[in-house]
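Descriptive analysis of the structure
Each chain is listed here by its residues.
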Amino acid sequence: MTTEEFWALVDRARSQADDGDAESVAEELVSLLVALPQEEIRHAERILDALVDRVNTVDLWAAAYAINGGCSDDGFVDFRGWLVAQGRAAFERVAADPDALADLPVVRSAVENGEDLSGESMVYAAWEAWEQVTGEDCPPEPEDDGEPAVELVFDDDFDDTEAVAARLPRLMALVTAAQDG
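I will try to describe carefully the structure that is included in this document. In every chain, residue numbers begin from 1 and rise along the written sequence. Local features in this predicted model are restricted to residues whose pLDDT is 70 or higher, and side-chain atom pairs enter the listing and the counts only when it is 80 or higher, whereas totals over whole chains, interfaces and linings include all residues. Where side-chain values are given, they derive from all heavy atoms of the structure, hydrogens and water being excluded.

Counting its regular elements, the protein chain contains 11 helices and zero strands. Each helix and strand of the protein chain, ordered N terminal to C terminal, gives the series α-α-α-α-α-α-α-α-α-α-α. Between the two quantities, the radius of gyration covers C-alpha atoms and the globule rule is 2.2 Å times the number of residues to the power 0.38. For 181 residues, the compact-globule estimate of 2.2 N^0.38 gives 16 Å, and the protein chain sits close to it at 17 Å. Overall, the C-alpha framework of the protein chain stretches about 50 × 40 × 25 Å when taken along its three principal axes. Partly exposed describes any residue whose relative accessible area lies between the buried limit of under 20% and the exposed limit of over 50%, with all areas from a 1.4 Å probe on protein chains only and scaled to the type maximum. Here the protein chain holds 181 residues, and 43% of them are scored as buried. The contact criterion used is simple: two residues touch if any of their non-hydrogen atoms lie within 4.5 Å. Across the protein chain, every contact between residues at least 6 apart in sequence was considered, and the portion connecting residues at least 24 apart equals 68%. What counts as a helix is a DSSP run of H or I of at least four residues, what counts as a strand is a run of E of at least two, and both are numbered from the N terminus.

What follows is about the packing of aromatic side chains. Two rings belonging to Phe, Tyr or Trp (six-membered ring only in the last case) form a pair when the distance between their centres is within 6.5 Å. Interplanar angles under 30 degrees mark stacking, angles over 60 mark edge-to-face geometry, and anything in between is tilted. Tallied over the full model, the rule gives seven aromatic pairs. Between the aromatic rings of Tyr65 and Phe158, the centroid separation amounts to 5.4 Å while the plane-to-plane angle is 45°, which identifies the pairing as tilted. In this pair, Tyr65 is assigned in helix α4 (residues 58-68) and Phe158 in the loop between α9 (125-134) and α10 (161-167), connecting sequence segments 93 residues apart. The exposure classification of Tyr65 matches that of Phe158, with both residues buried. Ring centres 6.3 Å apart and planes at 75° place the aromatic pair Tyr124 and Trp127 in the edge-to-face group. The class of Tyr124 is partly exposed, set by a relative accessible area of 39%. Looking at Trp127, the relative accessible area reads 32%, which means it is partly exposed. Taken together, the aromatic side chains of Trp61, Tyr65, Phe76 and Phe158 make up a single cluster linked through ring pairs. Look at NZ for Lys and CZ for Arg. If either is within 6 Å of the ring centre and within 35 degrees of the ring normal, a charge sits over the ring. Sitting over the ring of Trp130, Arg42 keeps its end group 5.8 Å from the ring centre.

What the second largest pocket holds in volume is close to 230 Å³. Around the second largest pocket, the lining is made up of 15 residues, and of these Asp21, Ala22, Trp82, Val106 and Leu117 lie nearest the centre. Of all the secondary-structure elements, those providing two or more residues to the lining of the second largest pocket are α2 (22-33) and α7 (105-113). Under the grouping applied here, Gly and all other residues not named as nonpolar or charged are polar, the nonpolar ones being Ala, Val, Leu, Ile, Met, Phe, Trp, Tyr, Cys and Pro and the charged ones Asp, Glu, Lys and Arg. Its residues assigned to classes, the lining of the second largest pocket comprises six nonpolar, four polar and five charged. As defined here, a cavity is a set of points on a 1 Å grid over the protein atoms alone where a 1.4 Å probe fits but cannot get out. A pocket is an open set with protein on both sides within 12 Å along at least five of seven lines, and residues line them when an atom is within 4 Å of a point. Grid points are joined across faces, edges and corners, and a volume is the space filled by probe spheres set on the points.

In this structure, Phe6, Leu101, Val107 and Leu171 are the most contacted members of the largest nonpolar core, which totals 60 residues. Ranked by the residues each element gives to this core, the list is headed by α4, at nine residues. Filtering out sequence-adjacent residues up to four positions away, Val107 remains in contact with Ile67, Trp82, Leu101, Leu117, Leu171 and Leu174. For our purposes a nonpolar core is just a set of buried Ala, Val, Leu, Ile, Met, Phe, Trp, Tyr and Cys residues, chained together by side-chain atoms within 4.5 Å.

Another aspect to go through is the side chain of Asn68. Mapped onto the elements, Asn68 comes out in helix α4. We define a polar contact as two N or O atoms separated by no more than 3.5 Å, with the added condition that, inside protein, one atom must be a possible hydrogen donor and the other a possible acceptor, whereas residues neighbouring each other in sequence contribute only through side-chain atom pairs. At 2.7 Å, the side chain of Asn68 and the backbone nitrogen of Leu117 are in polar contact. Among residues more than four places away in sequence, those in contact with Asn68 are Phe79, Glu115, Asp116 and Leu117.

In this section: the environment of Gly119. Looking at the element boundaries, Gly119 is found in the loop between α7 and α8 (120-123). When its relative accessible area of 0% is taken as the criterion, Gly119 is described as buried. Spatially, the C-alpha atom of Gly119 lies 8.3 Å from that of Val77, the residues being 42 residues apart in sequence. Sequence-distant contacts of Gly119, defined by excluding residues within four places in its chain, comprise Ala22, Glu23, Asp78, Gly81 and Trp82.

Shown next, in the form of structure tokens:
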């Protein structure tokens, strides 16, 4: 499976999901993955893992914190799963500029309604498919892939709205307006 084929599966899952939320997309993605050969499921797992790792950035974590009113380590992983569930166009746009989250209608709605954006099931969709197909836990990837662990460092506090606004002005304007309104 290629990255393009993975994104095509996500698009199909999005089109089949009842309400388009990340959990529904994940459920549909699992349904699509279980129809594939086991090796393709493993490829999908590697691609999904790489995508979630790719957006492991301080600015995106600050954005998730602002949108969700807080964001733990696990919550940030789940937020990145939610981002994958939004499809390739949204993912690529936000990966390049986390402040672009302010332009997504789903983010605007979530901020206005005080809803959290999370996609834990999306993060584990390929693992779930593997378990359904094989009846076994997904085999772990080798511990040392040669890449150093990414340690995110934010010089300020995520609660420092001025510091976050300097990095994410449009998103913080949206969050602030919702809090004031």
